[in-house]
Amino acid sequence: DTGVSQDPRHKITKRGQNVTFRCDPISEHNRLYWYRQTLGQGPEFLTYFQNEAQLEKSRLLSDRFSAERPKGSFSTLEIQRTEQGDSAMYLCASSLEGRNSPLHFGNGTRLTVT
Amino acid sequence: GDSVTQMEGPVTLSEEAFLTINCTYTATGYPSLFWYVQYPGEGLQLLLKATKADDKGSNKGFEATYRKETTSFHLEKGSVQVSDSAVYFCALSMDSNYQLIWGAGTKLIIKP
């Protein structure tokens, strides 16, 4: 079990550019989540996959955000036309099914939009 | 709707002090309850969990008991160490809810 890995750890981009982040979940986990966290706040849910199906997307999420999990394994989160307000830590987590199954988080990708 | 309320931080203690971080919840059913910890510069880690009333979760000297009558899941540790300095998040999960509902987090600072 190598844990959840995210790449890159840090990303600095200029406003208006597109960015893409990658998440590799724990291999036997069929659920994968993306969260966003800003300083001093708890994680904010963005979207969720069960296998390759994206089952829910936060209503607060702009249509500039898109996520994929093409083969039910790794996932990508793309932000188009980045804005300064997108600066945050983007967290990926994975889990087994069931409400008692804890989430296993990666170390996150810190995005800074200048 | 369902929600989690944590005590505001930061909480500052001296090493070997007793720790309590309060967490209360509002839920329409019977949630599972979790404490996650985030060390500086790292991702969130599960610290402990409890899945039904009167269950006690424990890990690394930390404990929390699922109290249905008071809708609480307070985190305790008998003797804290400098290495316990982190942000602690309380969260709940419902049967029909695939996502965790999070508290705002409590920053803990332990001074030597």
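You'll find the structure just up there.
Structure report, in brief. (Residues numbered from 1 in each chain as written. Chains lettered and ligands numbered in written order. Predicted model: local features only at pLDDT ≥ 70, side-chain atom pairs only at ≥ 80, totals over all residues. Heavy atoms only, no water.)

## With respect to the sheet that holds strand E3 (residues 19-21) of chain B
Two orientations exist for strands paired in a sheet by backbone hydrogen bonds: parallel and antiparallel. All names here are of chain B. Filter applied, for reference: Note on pairing: DSSP must find at least two bridges between two strands before they are called paired. Each helix is a run of DSSP H or I of at least 4 residues and each strand a run of E of at least 2, with the numbering of both proceeding from the N terminus. The axes used here are C-alpha line fits, helices contributing only the stretch in contact, and every angle between their N-to-C directions lies in the interval 0 to 180 degrees.
If you trace the 4 strands from one edge of the open sheet to the other, you get E3-E9-E8-E7, paired in antiparallel fashion. In this open sheet, the two strands that pair with only one neighbour each are E3 and strand E7 (56-59). In this sheet, neighbouring strand axes are inclined to one another by 20 degrees on average, regardless of whether the strands run parallel or antiparallel. The pairing of E3 with strand E9 (residues 75-77) spans 3 bridges and is antiparallel. Each residue of the ladder has a partner; that of Thr20, found in E9, is Glu76.

## A closer look at the nonpolar core
Buried together is how nonpolar side chains tend to be arranged in soluble globular proteins. Residue and element names in this part refer to chain B. The line we're drawing: Throughout, nonpolar core names a set of buried Ala, Val, Leu, Ile, Met, Phe, Trp, Tyr and Cys residues whose side chains join them through atoms within 4.5 Å. Partly exposed describes any residue whose relative accessible area lies between the buried limit of under 20% and the exposed limit of over 50%, with all areas from a 1.4 Å probe on protein chains only and scaled to the type maximum. Here, residues are in contact when the closest pair of their heavy atoms is within 4.5 Å.
Grouped together as the largest cluster of nonpolar side chains are 27 residues, with contacts concentrated most on Trp35, Leu47, Leu48, Phe73, Leu75 and Tyr88. Among the elements of the structure, E3, strand E4 (23-26), strand E5 (32-38), strand E6 (44-50), strand E8 (62-65), strand E10 (86-93) and strand E12 (106-111) are those that each provide at least two residues to this core. Top contributing element to this core by residue count: E10, with 4 residues. Non-local contacts of Leu75, meaning those with residues more than four positions away in its chain, are made with Leu19, Thr20, Ile21, Trp35, Leu47, Leu48, Phe62, Glu63, Ala64 and Tyr88.

## Comments concerning the sheet that holds strand E3 (residues 19-24) of chain A
All names here are of chain A. Across the sheet, 4 strands lie side by side as E1-E3-E8-E7; this open sheet has antiparallel pairing. Two strands bound the open sheet, and with one partner strand each, they are strand E1 (5-7) and strand E7 (65-68). Shown here is a sheet whose adjacent strand axes are inclined to one another by a mean of 15 degrees, direction ignored. One ladder, built from 4 bridges, connects E7 with strand E8 (residues 75-79); its direction is antiparallel. Pairing of Ser66 across the sheet is with Glu78, part of E8.

## Considering the environment of Gln45 of chain B
Residues and elements named next belong to chain B. Our working definition: Definition of a polar contact: a pair of N or O atoms within 3.5 Å, with one able to donate and the other able to accept a hydrogen when the atoms are protein atoms, and with sequence-neighbouring residues admitted only if both atoms are side-chain atoms.
For Gln45, the position within the fold is in strand E6. With relative accessibility at 29%, the residue Gln45 sits in the partly exposed group. Residue contacts for Gln45: discarding those within four places in its chain leaves Trp35, Tyr36, Val37, Tyr39 and Lys60. Looking at Gln45, its side chain comes within polar contact range of the side chain of Glu42, at 3.2 Å.

## With respect to the side chain of Thr82 of chain A
Residues and elements named next belong to chain A. Topologically, Thr82 is positioned in the loop between E8 and strand E9 (88-95). Within the structure, Thr82 has its side chain in polar contact with the backbone oxygen of Lys14 (distance 3.3 Å). Contacts of Thr82, omitting those with residues within four sequence positions, involve Thr13, Lys14, Arg15, Gly16, Gln17, Val19, Arg64 and Val113.

## Overview of the packing of aromatic side chains
Keep this limit in mind: Any Phe, Tyr or Trp ring, taking Trp's six-membered ring, that has another such ring centre within 6.5 Å forms a pair; planes under 30 degrees apart are called stacked, those over 60 apart edge-to-face, and the others tilted. Sitting over a ring, as applied to charges here, requires NZ of Lys or CZ of Arg to be within 6 Å of the ring centre and within 35 degrees of the ring normal.
Counting across every chain of the model gives 14 aromatic pairs over all chains. For the pair Phe105 of chain A and Tyr36 of chain B, a centre-to-centre distance of 5.8 Å together with 85 degrees between the ring planes defines the contact as edge-to-face. Of the two residues, Phe105 of chain A is situated in strand E10 (residues 104-105) and Tyr36 of chain B in strand E5; the pairing between them involves two chains. For Phe105 of chain A, a relative accessible area of 10% translates into the label buried. Since its relative accessible area comes to 0%, Tyr36 of chain B is described here as buried. One aromatic cluster in this structure is built from Tyr33, Tyr35, Phe45, Tyr48 and Phe105 of chain A together with Phe34, Tyr36, Phe89 and Trp102 of chain B. Looking at Arg22 of chain A, its charged tip hangs above the ring of Phe74 of chain A, at a distance of 4.0 Å from the centre.

## Some words on the state of the cysteines
Residues and elements named next belong to chain A. Going by this rule: When the sulfur atoms of two cysteines come within 2.5 Å, that pair is taken as a disulfide.
By the definition in use, this model includes 2 disulfides over all chains. Sulfur-sulfur distance for the disulfide between Cys23 and Cys92 comes to 1.9 Å. Note on the Cys23 and Cys92 pair: the S-S dihedral is about -70 degrees, so by sign convention the disulfide is left-handed. In this pair, Cys23 sits in strand E3 while Cys92 sits in strand E9, placing the two residues 69 residues apart along the sequence. Like Cys23, the residue Cys92 is buried in the burial classification.

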